[in-house]
Protein chains: 2
Amino acid sequence: MCLIMKADDHDGCVLVAPQNFAMVENGIYRSSFPKPEHFGFLTALNLRSIIYLCPEPYPEESLKFYEANNIKLFQFAIESQKDPPTPIPEDTVMAALRVLVDVRNHPILIHCKAGKHRTGCLVGCLRKVQNWCWSSVLEEYQKYAGLKCRQRDMKCIETFDTVSLRQCLLSIMYRYLGYGPNRKRLLYGEENVQTPKPQATKV
Amino acid sequence: MCLIMKADDHDGCVLVAPQNFAMVENGIYRSSFPKPEHFGFLTALNLRSIIYLCPEPYPEESLKFYEANNIKLFQFAIESQKDPPTPIPEDTVMAALRVLVDVRNHPILIHCKAGKHRTGCLVGCLRKVQNWCWSSVLEEYQKYAGLKCRQRDMKCIETFDTVSLRQCLLSIMYRYLGYGPNRKRLLYGEENVQTPKPQATKV
């Protein structure tokens, strides 16, 4: 996180995190809806993209800030829970996850309104792909949802099919396979995965 | 986090996270006391070190696991809160933080017993160095401490002097200043900080 790097630049100027902010993964963050008072904090994160999970349009002031900072906004319209609750559309979750696991979009921030349910769903699905056991996924979901643990979110995470996201995940994998001469090139989506042959170093 | 990288290796074998587990920073994690059922999870984190914040000795089984996986254990004996509460020794917190911000120890896991108070203190001090505002630091502390927000922890974080840790922090900074020919060498502790001059590339 670049906050450390920027600590000296910000001396005496405190950074206000959006509520429910946390780091999910290298290059992946989550929070509630960021407001102008959080722009300093977002700048320190050095964000490349944002995943926004609500159908409502974005405030003009925030859009201007993103544009000025070259932050790409990906919007996926998931309705908030109604009575009776409608299921979260699988296709939308999958589309958001494909953006999320693409390291070309990192550092990336996921947010909805409160950073509890829709965001919690997406993170829960990611954890499933990471083979986290159900109780670990649930514990994390509840930590951010507080007492408001919702049945439709549980169902969304539980029924999420991890297999179809595996290929996408290969893109994030390569980030961890090291830098230097043996690093793998960045793949995306349905590209075939091949291990590049080691190159002889020219003397 | 290497869990993704290892997702294919672990197909069908779920990973159980220690309670109160979370990512704090690139290469920094926090949790409650990990038990043998969490060893698979710890393996996937590819840990290099552990900061243990309790005075009690470590279980033999865990020590063997760490040794087999080349995980260095740094123990800092902070007593749990008694009645009346004794303050957390500043020197101990500073010593733990110096280990924490040294990227040569990363990936690193901080834990105490419940992953709530002593761990929350250390993370809170780190956030202060990152210039987080008090309400953001507190929100994070409370998320993991649950209802058990302790006065002596608040005092420890509030009175923590960030200036003396700045020099150490420069070591973590360089991690974020990029790879490739212009990357900075890793510094530690009180070494002088100098920006290396750009080198001409030999043709």
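Residues numbered from 1 in each chain as written. Chains lettered and ligands numbered in written order. Predicted model: local features only at pLDDT ≥ 70, side-chain atom pairs only at ≥ 80, totals over all residues. Heavy atoms only, no water.

**Section: the overall build of chain A**
Then, in step 1: For chain A, the count of helices and strands is 8 helices and 5 strands.
Then, in step 2: Across chain A, helices and strands are ordered from the amino to the carboxyl terminus as α-β-β-α-β-α-β-α-β-α-α-α-α.
Then, in step 3: When burial is assessed residue by residue, chain A has 53% of its 203 residues classed as buried.
Then, in step 4: Of the contacts formed within chain A by residues at least 6 apart in sequence, a portion of 65% connects residues at least 24 apart. (Helix = DSSP H or I, 4+ residues; strand = E, 2+ residues; numbered from the N terminus. Buried < 20%, exposed > 50% of the residue type's maximum accessible area, 1.4 Å probe, protein only. Contact = heavy atoms within 4.5 Å.)

**Quick word on the layout of surface pockets**
Then, in step 1: Approximately 520 Å³ is the volume found for the second largest pocket.
Then, in step 2: Taken together, 20 residues line the second largest pocket, and the ones lying closest to its centre are K143 of chain A together with Q142, K143, Y144 and G146 of chain B.
Then, in step 3: Among the secondary structure elements, those contributing two or more residues to the lining of the second largest pocket are α6 (134-145) of chain A together with α5 (134-145) of chain B. (1 Å grid on protein atoms, 1.4 Å probe; cavity = no way out; pocket = protein on both sides within 12 Å on 5 of 7 lines; lining within 4 Å. Points joined across faces, edges and corners; volume = space filled by probe spheres on them.)

**Remarks on the pattern of salt bridges**
Then, in step 1: For the structure shown, the criterion picks out 7 salt bridges over all chains.
Then, in step 2: As a salt-bridge pair, E140 of chain A and R127 of chain A come within 2.8 Å of each other at their nearest N and O atoms. Residue E140 of chain A is found in helix α6, and its partner R127 of chain A is found in helix α5 (residues 118-129); the two are separated by 13 residues along the sequence.
Then, in step 3: When its relative accessible area of 12% is taken as the criterion, E140 of chain A is described as buried.
Then, in step 4: Classification of R127 of chain A by relative accessible area gives buried; the value is 2%.
Then, in step 5: Two residues, K143 of chain B and E139 of chain B, come together in a salt bridge whose shortest N-O distance is 3.6 Å. (Salt bridge = Lys/Arg side-chain N within 4 Å of Asp/Glu carboxyl O.)

**Some words on the UniProt feature "domain: Tyrosine specific protein phosphatases" (unreviewed entry) in chain A**
Then, in step 1: The feature "domain: Tyrosine specific protein phosphatases" (unreviewed entry), as annotated in UniProt, sits at residues 91-123 of chain A in this numbering.
Then, in step 2: The straight-line gap between the two end C-alpha atoms of residues 91-123 of chain A is 16 Å; of that span, 48% is helix and 12% is strand. (UniProt positions renumbered as here; feature names shortened; annotations may be inferred.)

**Notes on the pairing of strand β2 (residues 28-31) of chain A**
Consecutive residues of a regular strand have side chains that alternate between opposite faces of the sheet.
Residue and element names in this part refer to chain A.
Then, in step 1: Burial along β2 is two-sided: I28 and R30 facing one way and Y29 and S31 facing the other are all buried.
Then, in step 2: Taking the residues between adjacent antiparallel strands as the criterion, strand β1 (residues 22-25) and β2 are bridged by 2 residues, where G27 takes a positive phi near 80°.
Then, in step 3: Sheet topology places β2 next to strand β5 (residues 108-111); 4 bridges connect them, and they run parallel. Note that in β5 the partner of I28 across the bridge is I108. (Pairing = 2+ DSSP bridges.)

**Some words on the side chain of N20 of chain A**
Then, in step 1: Here N20 of chain A shows up in the loop between α1 (2-5) and β1.
Then, in step 2: Side-chain polar atoms of N20 of chain A contact the side chain of K143 of chain B, separated by 2.5 Å.
Then, in step 3: Excluding residues within four positions of it along the chain, N20 of chain A makes contact with R30, S31, S32, A114, G115, K116 and Y144 of chain A together with E139 and K143 of chain B. (Polar contact = N/O pair within 3.5 Å; in protein donor to acceptor, adjacent residues only side chain to side chain.)

**Remarks on unusual backbone geometry**
Then, in step 1: The linkage connecting H106 of chain A with the following residue, P107 of chain A, adopts the cis geometry, with an omega of -5°.
Then, in step 2: By the element assignment, P107 of chain A lies in the loop between α4 (90-100) and β5.
Then, in step 3: Residues other than glycine seldom take positive phi values, yet N70 of chain B does so here, at roughly 55°.
Then, in step 4: Taking relative accessible area as the criterion, N70 of chain B reaches 67% and is therefore assigned exposed.

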